[in-house]
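Close look at the chain arrangement
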Amino acid sequence: MTNATDLLHRLTSLLGPAAVITEGADLEPYAVDWRRLFPGKPACVVRPSNAQQVARIVQICREAGVAIVPQGGNTGLAGGAVPDATGTQVVLSLNRMAAIRSVDPVGLTIEAEAGCILKIAQDAAAAAGRLLPISLAAEGSATIGGVVAANAGGVNVLRYGMTRSLVLGLEVVLPDGTIAHGLRKLRKDNAGYDWKQLFIGSEGTLGIVTAAVLRLVPRPKHSVTALLSVADPAAALRLLELAQDELGDQISAFELISATSMQLVARHAGLKAPIAEGEWFVLIEAASSLAGLREAAETMLGAAFEQEIALDGVIAESGAQASQLWALREHVTESEAREGKSVKHDVSVPLTEVPRFLIEAGEALAAGAPGTRVNAFGHLGDGNIHYNVLVDANHDAAHVNRIVHDVVAAFGGSISAEHGIGQYRVGELARYRAAPEMELARTIKRALDPDNRLNPGKVLSA
Ligand code: 2HG
Ligand code: ZN
């Protein structure tokens, strides 16, 4: 038997033939990301049903000297969950490990297996009268394991933090095939190193998350959603200040949408904002268990008009109308993809620098990459802008990246606020992170995965 046949044989005897995919068409969904930017070729796809099987797969692949690419919902935007094109890497999909093991409405926890779809976990929390406050456009396909491995952000980060701040416990299969059992439900646990933090956001390069305990919060009974137009991002920041004054800690989302984003959504999704056209828009959501939210939102809107911060605006009258306002924001990514080729930048700068960043990045692009169009939108409340650049065939993506990221660096920002490095930004991370920080990252990788068998070439170069 060749090594490859032997490997398939061992994996099939462990999992059964139905859980090992080797045929072309069936491999396809696991081989490429949804934007089809990072096509790969797996040796095979394995679909274990428990952590013991994951551990055995890791041991078998280790003995065969074969690399593993862990995969959740495959919704990432940085090519972090797809294999390379060599046809030698094994994709380990967690999609059969999808159980919700428990929801505790008093202890405010949910325990779920890695392959559980985020939306299903949200619904389970809601059925218990609680909220799992991770909300992102891909929530219908993204999985708990992927969300944890990517330290996903989304629209509620300004209130509840990134996924990291919600993880209480993890179970992880390590690159040597042992299982680290840390599914604790503790709010306070200062006993030794908090090792789970290493795996959150490590994009499957240090271990394979097989289950997680996440923190829930009480479910707000009231929410209010408003869409406003403003003249520019500086006005959007003044609006944020006003919202902080009037709505305080009840603000749960503060999203910026450019006119270009709105035009793309109108063109490709047929959705139109119910307010006058403008240059910039802000979608604000606030949520509370106490009454009086709508009055506070109306006071805020009144003040925003009086101080000439907002040009036009609407407060949703019903849940359905709130969903319509959110649909405008949620369709930007899909509409951008339909428009054609784009070069994505998921950047953050100190919040108060966002307006200057947008001006300077725009100027740098106009000078260095004429003919490009900027589609800027995102999580202004976190200083995180999706500064996506619409390009044509003549534009070089790496050149566009360099122009934008140089401006980000000049503002002391990050080249990836929430999407991660994957394979897309490996070179950029190495360029913009100082050598001691890169060496620290390599030291951690070497300590856990000395043979570079887990998701090689992601985050760090192979
Ligand atoms: C969002 O905020 C996602 O909608 C996707 O992070 C961003 O398409 C993008 O660049
Ligand atoms: Zn985002």
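Residues numbered from 1 in each chain as written. Chains lettered and ligands numbered in written order. Predicted model: local features only at pLDDT ≥ 70, side-chain atom pairs only at ≥ 80, totals over all residues. Heavy atoms only, no water.

Here's the deal with the packing of helix α13 (residues 354-368) against helix α14 (residues 397-410)
- Orientation of α13 relative to α14, taken along the N-to-C sense of each, is 150 degrees, at an axis distance of 9 Å. If you check the angle between α13 and α14, you find them roughly antiparallel. Where α13 crosses over α14, the two elements pack in a sense that is right-handed. Together, Phe-357, Glu-360, Ala-361, Ala-364, Leu-365 and Gly-368 of α13 and His-399, Val-400, Ile-403, Val-404, Val-407 and Val-408 of α14 make up the contact between the two elements.
- In terms of residue class, the contact of α13 with α14 is made up of nine nonpolar, two polar and one charged. (Axes fitted to C-alpha atoms, helices over the stretch in contact; angles between N-to-C directions. Helix = DSSP H or I, 4+ residues; strand = E, 2+ residues; numbered from the N terminus. Parallel < 35°, antiparallel > 145°, perpendicular 65-115°, else oblique. Left-handed = near helix turned anticlockwise from the far one by under 90°. Contact = heavy atoms within 4.5 Å. Nonpolar A, V, L, I, M, F, W, Y, C, P; charged D, E, K, R; others polar.)

Here's the deal with the coordination of the zinc ion (ligand 2)
- For the zinc ion (ligand 2), the full set of protein donor atoms is His-379 (NE2), His-386 (NE2) and Glu-418 (OE), at a range of 1.9 to 2.2 Å.
- Of note, the zinc ion (ligand 2) draws all its donor residues from one chain, in the sequence arrangement H-x6-H-x31-E.
- Owing to a relative accessible area of 3%, His-379 belongs among the buried residues under this scheme.
- The exposure class of His-386 is buried, given its relative accessible area of 6%. (Donors = N, O, S within 2.8 Å, 3.2 Å for Na, K, Ca; no water. Buried < 20%, exposed > 50% of the residue type's maximum accessible area, 1.4 Å probe, protein only.)

With respect to the sheet that holds strand β5 (residues 100-104)
- An order of β5-β6-β10-β8-β9 is seen for the five strands of this open sheet, with the pairing classed as antiparallel. The sheet terminates laterally at β5 and β9 (179-182), the two strands that pair on one side only. Taken pair by pair, the neighbouring strands of this sheet meet at an average axis angle of 15 degrees, ignoring direction.
- Of the strand pairs in this sheet, β5 and strand β6 (residues 109-113) are connected by four bridges, and their pairing is antiparallel. Bridging from a neighbouring strand, Ile-100 pairs with Ala-112 of β6.
- Its contacts with the sheet put helix α3 (residues 51-64) on β8 (167-173), β9 and β10 (208-215), and the angle it makes with β8 is roughly 45 degrees. (Pairing = 2+ DSSP bridges.)

Some words on the site of ligand 1
- Every residue near ligand 1 is listed here: Leu-77, Arg-329, Thr-333, Lys-344, Phe-377, His-379, His-386, Asn-388, Glu-418 and His-419.
- Side-chain polar atom of Thr-333 to an oxygen atom of ligand 1: 2.7 Å apart, as the coordinates give it.
- Interatomic distance of 2.7 Å between a side-chain N/O atom of His-419 and an oxygen atom of ligand 1.
- Considered on its own, ligand 1 offers 290 Å² of accessible surface; in the complex 88% of this is hidden by protein.
- Those elements that provide at least two residues to the shell around ligand 1 are β18 (373-379) and β19 (384-390).
- Looking at side-chain class alone, the shell around ligand 1 contains two nonpolar, five polar and three charged residues. (Near = heavy atom within 4 Å. Polar contact = N/O pair within 3.5 Å; in protein donor to acceptor, adjacent residues only side chain to side chain. Areas by Shrake-Rupley, 256 points an atom, 1.4 Å probe, with all protein chains shown as cover.)

Observations regarding the packing of helix α8 (residues 233-247) against helix α10 (residues 293-306)
- At a closest axis distance of 9 Å, the pairing of α8 and α10 adopts a crossing angle of 145 degrees. The crossing of α8 and α10 is right-handed. In this structure, α8 contributes Leu-239, Leu-242, Ala-243, Glu-246 and Leu-247 to the contact, and α10 contributes Leu-293, Ala-296, Ala-297, Thr-299, Met-300, Ala-303 and Ala-304.
- Of the residues that constitute the contact of α8 with α10, the class distribution is ten nonpolar, one polar and one charged.

Some words on the side chain of Gln-250
- One can find Gln-250 in the loop between α8 and β13 (251-258).
- There is a polar contact of 2.9 Å between the side chain of Gln-250 and the side chain of Ser-288.
- In this structure, Gln-250 is in contact with Arg-159, Glu-285, Ala-286, Ala-287, Ser-288 and Leu-293, ignoring residues within four places of it in sequence.

Looking at the UniProt feature "domain: FAD-binding PCMH-type" (unreviewed entry) in the protein chain
- Mapped onto the present numbering, the UniProt feature "domain: FAD-binding PCMH-type" (unreviewed entry) falls on residues 38-219.
- Secondary structure within residues 38-219 divides into 21% helix and 24% strand; the distance between the first and last C-alpha atoms comes to 38 Å. (UniProt positions renumbered as here; feature names shortened; annotations may be inferred.)

Digging into the environment of Asp-451
- Locating Asp-451 in the fold gives a position in the segment after α16 (435-448).
- Accessibility expressed as a relative area gives 43% for Asp-451, which makes it partly exposed.
- For the pair Asp-451 and Glu-111, spaced 340 residues apart in sequence, the C-alpha to C-alpha distance is 32 Å.

Some points on the sheet that holds strand β1 (residues 20-21)
- Taken in spatial order, the four strands make up an open sheet running β1-β2-β4-β3, and their pairing is mixed. The sheet terminates laterally at β1 and β3 (68-71), the two strands that pair on one side only.
- Relative to strand β2 (residues 44-46), β1 is paired through two bridges, and the arrangement is antiparallel. Bridging from a neighbouring strand, Val-20 pairs with Val-46 of β2.

Overview of unusual backbone geometry
- The backbone of Glu-203 shows a phi angle near 55 degrees, a positive value even though the residue is not glycine.
- For Glu-203, the position within the fold is in the loop between α7 (196-199) and β10.
- When its relative accessible area of 12% is taken as the criterion, Glu-203 is described as buried.
- Phi is positive for Asn-455, which is not a glycine, with a value near 45 degrees.
- Locating Asn-455 in the fold gives a position in the segment after α16.
- Accessibility expressed as a relative area gives 1% for Asn-455, which makes it buried.

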